[in-house]
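Examination of the molecular architecture
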Amino acid sequence: QVQLVESGGGLVQPGGSLRLSCAASGRTFSWYTMGWFRQGPGKERELVAAITGSGVRTYYADSVGRFTISRDNAKNTVYLQMNSLKPEDTAIYYCAADRERTGRGTYDYWGQGTQVTVSS
C-alpha cells in the first residue's frame, strides 16, 4: 500500500545530531501510525518512537529521551530528530507504517533502513 524511502543517516560524533527522514508514497499517509525502529549490533530490533496519523500522540522508548518524532502529512514525511547522540545509538534505523483502524495491528510496511554510526 505504501512505499517508504529513508534518508539522513550517516556518521556523527558523540554529542552530535542527525535528522532522519522517511518519505512515503500514497494518498492515505495520515491513516498510518509511523514508527522508527533500530537494530544495533548484537541487539534485537526495538521501537524507538512512534507517532499517530494525526501527529497528536507520540511514543518514545525509555532510552531515547533526547529524540523527537514528527510528521508533515502535507509532505508525506515522518522525521526523527536525534540530538545528543551516544555511541549506543549506533544502529540501523528503519521507518515503518502501521495502518490505523483497519490494519492488522502490526507494522506491515518498512523502509530500507539507514545506518547511523556514532563514533569519535
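Everything quoted here is computed from the prediction, not taken from an experiment.

1. What about the overall build of the protein chain?
When helices and strands are counted, the protein chain shows zero helices and 11 strands. Going residue by residue from the N terminus, the α and β elements of the protein chain occur as β-β-β-β-β-β-β-β-β-β-β. Principal-axis analysis of the C-alpha atoms gives the protein chain an extent of 45 × 25 × 25 Å. Here the protein chain holds 120 residues, and 43% of them are scored as buried. As presented, the protein chain carries roughly 6,600 Å² of accessible surface, and 45% of it is formed by carbon and sulfur atoms.

2. Quick look at the pairing of strand E4 (residues 32-39)
Most of E4 is tucked away, with seven of its eight residues classed as buried. Both E4 and strand E9 (residues 91-99) contribute to a ladder of eight bridges, which runs antiparallel. Within E9, the residue paired with Trp36 across the bridge is Cys95. Bridging between E4 and strand E5 (residues 46-51) involves five bridges; their strand directions are antiparallel. For Arg38, the partnering residue across the bridge sits in E5 and is Glu46. Taking the residues between adjacent antiparallel strands as the criterion, E4 and E5 are bridged by six residues, where Gly42 takes a positive phi near 70°.

3. Some thoughts on the environment of Ile92
By the element assignment, Ile92 lies in strand E9. Contact partners of Ile92, with chain neighbours within four places excluded, come to Phe37, Arg38, Gln39, Gly113, Thr114 and Gln115.

Conventions used here
Residues numbered from 1 in each chain as written. Predicted model: local features only at pLDDT ≥ 70, side-chain atom pairs only at ≥ 80, totals over all residues. Heavy atoms only, no water. Helix = DSSP H or I, 4+ residues; strand = E, 2+ residues; numbered from the N terminus. Buried < 20%, exposed > 50% of the residue type's maximum accessible area, 1.4 Å probe, protein only. Areas by Shrake-Rupley, 256 points an atom, 1.4 Å probe, with all protein chains shown as cover. Pairing = 2+ DSSP bridges. Contact = heavy atoms within 4.5 Å.

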